There are 2 protein chains.
Amino acid sequence: MNRRTFHRAPEGERRQELIRATLDTIAALGLKAATVRAIAIRAGVTAGLVRHYFASKDQMVAEAYRFMLTTFAAKAADIAGDPRMRLRKFITLNLTAPVADSHSLSLWASFISQVRVDPELAAIHRDGYLGFRNDLQGLIRDFLEAEGRPAGEADCRRHAIAINGMIDGLWLEGCLAGELFEEAELVAIALSSIEALLGLPIGPDDEANTVPERAGDATTA
Amino acid sequence: MNRRTFHRAPEGERRQELIRATLDTIAALGLKAATVRAIAIRAGVTAGLVRHYFASKDQMVAEAYRFMLTTFAAKAADIAGDPRMRLRKFITLNLTAPVADSHSLSLWASFISQVRVDPELAAIHRDGYLGFRNDLQGLIRDFLEAEGRPAGEADCRRHAIAINGMIDGLWLEGCLAGELFEEAELVAIALSSIEALLGLPIGPDDEANTVPERAGDATTA
DNA sequence: GCGGAAATTATTCAACCGTATAATAACGCC
DNA sequence: GGCGTTATTATACGGTTGAATAATTTCCGC
């Protein structure tokens, strides 16, 4: 009975592979079916190896969650341009793939359902989400100031809550039923709605900012 | 070892108890930890009894999901009043307990993460969500007409998407971090934002519709 | 420098224990 | 006695473990 030949991975690489396989498996099969064995097979190794890199399966899952949140935050961090452009990019970024797709929703929902019962995941969750709305609030403040409409702390907070809510909600709709919307439709709705909320135009002259016509049905999922 | 004395429940009642216990257990412990035993204990019976009422655990979970969606839909169905009142009630209903609390989010996320991998759940999901935005679109159309601002199909659809997105998003924020908001704050933000989106007042004169001041920090979870 | 032995350690493998679901036997009330 | 409920058992599967082994690096005599 011969033993399998294997490849010995360079420092850190296998660890990253396992984290990626964890996320892929959860997205594809759900948290319940994401067993150590299933994850290991997807990563091309055997189950026992997991405990060589992580103290436990739970720790590996926790690190996978942290990695996911970090990846999201990193995407939003390197937005450049003037305040109006930055706000517009932020919204677009969060309402198009890869942030807005069923893969992301699947992952997100799996973790959210565990956050309430797992203190370690809850801590990671808190860390990950802590800056999100603050970032948005900063973008809004900068934008209002640049447009000569400086606003107080309370007003900015209120706007950030409303706009954050709208982004989250449209993200949800896009993930749940992306095939019901044109590619840019959700982004256009978000931008024009936010214009109405703030009373200021956001769209640049050189790019379409109107809502494309579409006479489809109106179901959510 | 004496056998426990037991109570013989009337037909149907025990079944309903088990469904309720299923939802409670999923919300409290997560889908993974919602074992037949845990659910049975919560319902005050022993595990074997489940198989007397349901063909399998999966079927019980599926029926619990159907029950949850039905309950949500039923709440929104019996709203009475003039168009403006109905729209306002619809929004309020979806942004206050029991629809908007961490219990609901927990349930919702648990099921959503399974919907993609379980065809039976997917069918139930589709049935349950099919009419939601159409209902909202109808409310919006009626409201606009009643205010003398009749709108075409495309406009109504666009408004319904935007407002549905905002409701979903604020619902999400309320569930995730309800303790960061005043009781009526999210509702007030939603109502004033929707006023801005539609360009029409929604709030009645006799009820506060302004956003209450609150100088707290701005974190999401 | 260089070839190969020795040490290191990443990986596999098989088995363990706990627990889950499903099936079935035992029991009590009407 | 029949039916509803419970206790018990069977089987399967999940995470974890530790010993065996293959791949890689280090070391040493030359």
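Parameters at a glance
- Starting afresh in each chain, residues are numbered from 1 along the sequence in its written order.
- Note on labels: chains are lettered from A, ligands numbered from 1, in written order.
- Where local features are concerned, this predicted model is filtered to residues with pLDDT of at least 70; where side-chain atom pairs are given and counted, the filter is 80 or more; whole-chain, interface and lining totals use all residues.
- The side-chain values count all of the structure's non-hydrogen atoms but skip hydrogen atoms and water molecules.
- Numbering of helices and strands runs from the N terminus; a helix is a DSSP stretch of H or I covering at least four residues, while a strand is a stretch of E covering at least two.
- Relative accessible area decides the class of each residue, using a 1.4 Å probe on protein chains only: under 20% of the type maximum gives buried, over 50% gives exposed, and in between gives partly exposed.
- Residue contacts follow a heavy-atom distance rule, with two residues in contact if any of their heavy atoms lie within 4.5 Å.
- The method behind every accessible area is Shrake-Rupley, applied with a 1.4 Å probe, and residues are considered shielded solely by the protein chains displayed.
- To line up the copies, we fit them by least squares on C-alpha atoms, keeping just the residues with pLDDT of at least 70 in both.
- Given a helix with a known number of residues, its expected span is that number minus one, times 1.5 Å.
- UniProt positions are given in the numbering used here, feature names are shortened, and annotations may be inferred rather than shown by experiment.
- Nitrogen and oxygen atoms within 3.5 Å of one another constitute a polar contact, given that in protein one can donate a hydrogen and the other can accept it, and given that sequence-neighbouring residues count only through two side-chain atoms.
- Salt bridge, as applied in this entry: a Lys or Arg side-chain nitrogen positioned within 4 Å of an Asp or Glu carboxyl oxygen.
- Buried area counts how much accessible surface, traced with a 1.4 Å probe, disappears from two parts once they are put together, with both parts' losses summed.
- Polar here means any residue outside two lists: the nonpolar Ala, Val, Leu, Ile, Met, Phe, Trp, Tyr, Cys and Pro, and the charged Asp, Glu, Lys and Arg; Gly therefore counts as polar.
- A fitted line through C-alpha atoms represents every axis, and for helices the fit uses only the stretch in contact; the resulting angles, taken between N-to-C directions, go from 0 to 180 degrees.
- For classification purposes, an angle smaller than 35 degrees is called roughly parallel, one larger than 145 roughly antiparallel, one from 65 to 115 roughly perpendicular, and anything else oblique.
- The pairing test for Phe, Tyr and Trp rings, Trp by its six-membered ring, is centres within 6.5 Å, and the orientation test on the planes gives stacked under 30 degrees, edge-to-face over 60, and tilted for anything in between.

Before going further, it helps to examine the overall build of chain A. Along chain A, the regular secondary structure elements total 10 helices and zero strands. Going through the 221 residues of chain A one by one, you find that 47% of them count as buried. Taking the contacts inside chain A whose residues are at least 6 apart along the sequence as the reference set, 66% of them involve residues at least 24 apart. Carbon and sulfur atoms form 53% of the exposed surface of chain A, whose accessible area is close to 10600 Å².

Attention shifts here to the relation of the copies chain A and chain B. Its rotation angle being 180 degrees, the transformation that places chain A on chain B also includes 0.1 Å of axial translation and leaves an RMSD of 0.3 Å. Accordingly, the operation relating the two chain copies is best matched by a two-fold axis. Most of the interface of chain A is mirrored in chain B, where 98% of its interface residues again form contacts.

This part is about unusual backbone geometry. In this chain, alanine 97 of chain A is followed by proline 98 of chain A through a cis amide linkage whose omega measures 5 degrees. As for its placement among the helices and strands, proline 98 of chain A is situated in the loop between helix 5 (83-95) and helix 6 (102-115).

Two residues of an α-helix separated by three or four positions point the same way, owing to the 3.6 residues in each turn. The terminal C-alpha atoms of helix 6 (residues 102-115) of chain B lie 20 Å apart, and with 14 residues this matches the ideal 20 Å at 1.5 Å per residue to within 8%. Of all 14 residues that make up helix 6 of chain B, 12 are buried, and the element is covered over most of its length. Every buried residue of helix 6 of chain B is accounted for by Ser104, Leu105, Ser106, Leu107, Trp108, Ala109, Ser110, Phe111, Ile112, Ser113, Gln114 and Val115 of chain B. Buried residues in helix 6 of chain B make contact with helix 6 and helix 9 (153-177) of chain A together with helix 1 (13-29), helix 4 (57-77), helix 7 (119-129) and helix 9 (153-176) of chain B.

Let us now look at the UniProt feature "DNA-binding region" (unreviewed entry) in chain A. Under the present numbering, the feature "DNA-binding region" (unreviewed entry) in UniProt falls on residues 35-54 of chain A. Split by type, residues 35-54 of chain A is 60% helix and 0% strand. Its first and last C-alpha atoms lie 14 Å apart.

Another point: helix 4 (residues 57-77) of chain A. Residue and element names in this part refer to chain A. Here helix 4 spans 30 Å end to end across 21 residues, near enough to the 30 Å set by a 1.5 Å rise per residue. Taken residue by residue, helix 4 has Met60, Val61, Ala62, Ala64, Tyr65, Met68 and Leu69 as its buried positions. Buried residues in helix 4 make contact with helix 1 (13-29), helix 2 (36-43), helix 3 (50-53), helix 6 and helix 7 (119-130). For helix 4, the side-chain oxygen to backbone nitrogen distance between the N-cap and aspartate 58 is 3.4 Å, and the N-cap itself is serine 56.

Residues and elements named next belong to chain A. The final tally for this structure, using the stated rule, is 13 salt bridges over all chains. Salt-bridge contacts for arginine 86 lead to aspartate 142; the nearest nitrogen and oxygen are separated by 3.1 Å. One end of the pair, arginine 86, is in helix 5; the other, aspartate 142, is in helix 8 (residues 132-146), with 56 residues separating them in the sequence. Residue arginine 86 is classed as partly exposed on the basis of its relative accessible area, which comes to 21%. In this structure aspartate 142 comes out as partly exposed when scored by relative accessible area, which is 26%. Arginine 158 serves as the salt-bridge partner of aspartate 155, at 3.2 Å between the closest nitrogen and oxygen. Here arginine 158 and aspartate 155 lie together in helix 9, a separation of three residues that amounts to about one turn. Residue arginine 158 is classed as partly exposed on the basis of its relative accessible area of 23%. Here the residues in one salt-bridge network are Arg86, Arg141 and Asp142, joined through shared partners.

Here we take up the interface of chain A and chain B. In this complex, chain A contributes 56 residues to the contact, which on the side of chain B involves 56 residues. Summing both partners gives a buried area of about 5000 Å² for chain A against chain B, and 57% of it is carried by carbon and sulfur. Taking the shortest distance from any N to any O, the salt bridge between glutamate 185 of chain B and arginine 157 of chain A comes out at 2.8 Å. Taken together, the links from chain A to chain B amount to 10 residue pairs in polar contact (both at pLDDT 80 or more). Contributing elements (two or more residues each) for the side of chain A that touches chain B: helix 1, helix 6, helix 7, helix 8, helix 9 and helix 10 (185-198) of chain A. Residue classes in the side of chain A that touches chain B are distributed as 27 nonpolar, 16 polar and 13 charged.

So, about the packing of helix 9 of chain A against helix 10 (residues 185-198) of chain B. Where helix 9 of chain A contacts helix 10 of chain B, the two axes come as close as 10 Å, and the packing angle between them is 80 degrees. One way to sum up the angle between helix 9 of chain A and helix 10 of chain B is to call them roughly perpendicular. Residues Arg157, Arg158, Ile161, Ala162 and Met166 of chain A of helix 9 of chain A form the contact with helix 10 of chain B, whose own contacting residues are Glu185, Leu186, Ile189, Ser193 and Leu197 of chain B. Of the residues in the contact of helix 9 of chain A with helix 10 of chain B, the class split is six nonpolar, one polar and three charged.

On to the environment of alanine 122 of chain A. Here alanine 122 of chain A lies in helix 7. Separated by 11 residues in the primary sequence, alanine 122 of chain A and phenylalanine 111 of chain A place their C-alpha atoms 9.6 Å from one another.

Right, let's get into the packing of aromatic side chains. Residues and elements named next belong to chain A. If you walk through the whole model with that rule in mind, you get six aromatic pairs over all chains. Judged by centre distance (5.4 Å) and plane angle (80 degrees), the rings of tryptophan 108 and tryptophan 171 are edge-to-face. Placement of the pair is tryptophan 108 in helix 6 and tryptophan 171 in helix 9, with a sequence separation of 63 residues. The exposure class assigned to tryptophan 171 is buried, which follows from its relative accessible area of 8%.

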